[in-house]
Amino acid sequence: RDRDKDVTEKLSAELCESLLKFPKNISLKNYFEYTMYPTVVYELVYIRTKNIRWFYLAEKVCAVIGVVSVMLIVAELGINPLVVKCNAARGVNLSAGERFKLYCLVLIDMIPPFATEYLLVFYLIWDTILNGIAELSYYADRDFYGPWWSCTDWSEFARIWNKPVHRFLLRHVYHSSISALSLTKLQATLMTFWISAIVHELVMYL
């Protein structure tokens, strides 16, 4: 409790100092520090750690190497043969019904390796890479995701599966669209969803 009280008092003092300096505190150095943190929302003050836990960082680096290796194995053994099968089917003279049946079976066969890759990518980014970057940058807020695997509705999943992006969309799209465009909460929610969907699809496409 005493430690939490000290942290709160320190943050309050830093926040007051930053508020007094704002916007003069925004400099090239300040912007560079912000880009180094695993967050997409700018704050005047971030909770910081005192030192780097090198053993913890080494654990995350090993996890990155291990997960990427497993992903390559899954891609090579589970996905690549199906891609080769599809490419081979292009050169074969099949009827429309046979081709449709073949592609449906291929899609079903792709579900297990793609689901595995999805889970591994999530763990790779949100648990290993972001925590590693946070450790290197002394960033103490490690609340990157919640228990999305036990969500009971879509809105709960959207809020907790990617918290850094959710906070950005909440502040800069949802609330901004209500205040700047005078949208209703439902309209702002739909606009936030569609902008998020479009940007995510563009990122995945690239």
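Located above this text is the structure these notes cover.
Being a predicted model, the structure only gives us computed values, none of them experimental.

Parameters at a glance
- Within each chain, residue numbers correspond to sequence positions counted from 1 in written order.
- Given that the model is predicted, a residue must reach a pLDDT of at least 70 before its local features are reported, and side-chain atom pairs must reach 80 or more before they are shown or counted; all residues, however, enter totals for whole chains, interfaces and linings.
- Values shown for side chains rest on all heavy atoms present in the structure; no hydrogens or waters enter the calculation.
- For salt bridges, the criterion is a side-chain nitrogen of Lys or Arg within 4 Å of an Asp or Glu carboxyl oxygen.
- Where helices and strands are cited, they refer to DSSP runs of H or I of at least four residues and of E of at least two residues respectively, numbered from the N terminus.
- Nonpolar cores are built from buried Ala, Val, Leu, Ile, Met, Phe, Trp, Tyr and Cys residues. Side-chain atoms within 4.5 Å join them into one set.
- Burial classification: accessible surface area is computed with a 1.4 Å probe over protein chains only, and a residue below 20% of its type maximum counts as buried, one above 50% as exposed, and the rest as partly exposed.
- In this description, contact between two residues means that some pair of their heavy atoms is separated by no more than 4.5 Å.

Asks: Go over the pattern of salt bridges with me, naming the residues and quoting the values.
Replies: For the coordinates displayed, the defined rule picks out six salt bridges. Notably, a salt bridge pairs Lys60 with Asp127, separated by 3.1 Å at the nearest N-O pair. Of this pair, Lys60 sits in helix H3 (residues 54-90) while Asp127 sits in helix H4 (residues 96-136), and the two are 67 residues apart along the sequence. Between Asp143 and Lys163 there is a salt bridge whose closest N-O contact spans 3.0 Å. Of this pair, Asp143 sits in the loop between H4 and helix H5 (154-160) while Lys163 sits in helix H6 (residues 163-181), and the two are 20 residues apart along the sequence. Where salt bridges share partners, they join Arg53, Glu135 and Arg142 into one cluster.

Asks: Can you explain the nonpolar core? Please cite residues and give values.
Replies: Counting 13 residues, the largest nonpolar core has Tyr46, Phe122, Trp126, Tyr139, Phe144, Trp148 and Trp161 as its most contacted members. For this core, the secondary-structure elements that each account for two or more residues are H4 and H5. Take this core: its biggest share by element is four residues, from H4. Residues in contact with Trp126, not counting those within four places in the same chain, are Val121, Asn131, Phe144, Tyr145, Trp161 and Asn162. If you look at the next biggest cluster of nonpolar residues, it comprises seven residues, including Leu82, Cys86, Leu102 and Val106.

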